[in-house]
Amino acid sequence: MKKMITCVAAFVLISMPAVAKDKIIATVDGVAITQSQVDDLLKGLPKQYDSVKNSKEFKDKIVQYLIDQQILLNEARRKGIDKREDVRKAIENAKKQIITNALIADAISKEKITVSDKEISDYYNADKGSFKDTQGKTVPLATVKPYIEQKLLAEKQKKAIDNYINSLKKTHKVNYAK
């Protein structure tokens, strides 16, 4: 019987995925600030921070931000701010926005939206007159290409989002109050 229990325990331990313990960087009133929290914030930063986000100084600022945020959160809870109706409504609205944004991001990421060089060139050539510098000279395509690419990409993404929402509307019943 003892062998059986030992075998079962060994099997359970072997079959369990290895769980890496998240490194605790600091605590605020017993609440842990972890490495994964820092990493998550760093991953979410725009590309303009790529050159500094691996520096110790920048990571220290992120840790300090998380500590400050936790101190403020604890104080807000102590004062009952998290229980106020206006705050609870704002939290619920933010939660809905985050969930719907994630759904939309998932939906349009499957479409692999891109902008071709031809589309950029066509856009530039169709509206060359609007690409002037301060002296009135036409700005070369190479200079405005990133701007045009971003503009066309945003337009395609908006169209994909609108199409996705319209396709969902076909499967949901909407009634307007009179």
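What counts, and where the lines are drawn
Residues numbered from 1 in each chain as written. Predicted model: local features only at pLDDT ≥ 70, side-chain atom pairs only at ≥ 80, totals over all residues. Heavy atoms only, no water. Axes fitted to C-alpha atoms, helices over the stretch in contact; angles between N-to-C directions. Helix = DSSP H or I, 4+ residues; strand = E, 2+ residues; numbered from the N terminus. Parallel < 35°, antiparallel > 145°, perpendicular 65-115°, else oblique. Left-handed = near helix turned anticlockwise from the far one by under 90°. Contact = heavy atoms within 4.5 Å. Phe/Tyr/Trp six-rings, centres within 6.5 Å; stacked < 30°, edge-to-face > 60°. Buried < 20%, exposed > 50% of the residue type's maximum accessible area, 1.4 Å probe, protein only. pLDDT = per-residue confidence, 0-100.

Caption draft 1: Layout of the packing of helix 2 (residues 35-43) against helix 3 (residues 56-78). Relative orientation of the contacting elements helix 2 and helix 3 amounts to 110°, with a least axis distance of 10 Å. In this view, helix 2 runs roughly perpendicular relative to helix 3, as classed from their interaxial angle. Crossing hand, helix 2 versus helix 3: right-handed. Taken together, the residues of helix 3 that come into contact with helix 2 (itself represented by Gln 37, Val 38, Leu 41 and Leu 42) are Phe 58, Lys 59, Ile 62, Val 63, Tyr 65 and Leu 66.

Caption draft 2: Local environment of the packing of aromatic side chains. Scanning the model with the defined rule gives 3 aromatic pairs in all. On the basis of an interplanar angle of 25° and a centroid distance of 5.4 Å, the ring pair of Tyr 124 and Phe 131 is categorised as stacked. Per residue, the accessibility class of Tyr 124 equals that of Phe 131, and both read buried. An aromatic cluster is defined as three or more aromatic residues linked by ring pairs; in this entry it consists of Tyr 123, Tyr 124 and Phe 131.

Caption draft 3: Local environment of the confidence of the model for the chain. Mean pLDDT over the chain: 88, with 89% of residues reaching 70 or higher. Here residues 1-19 scores under 50 on pLDDT; set against residues more than four positions off or in separate chains, the count is 0 contacts.

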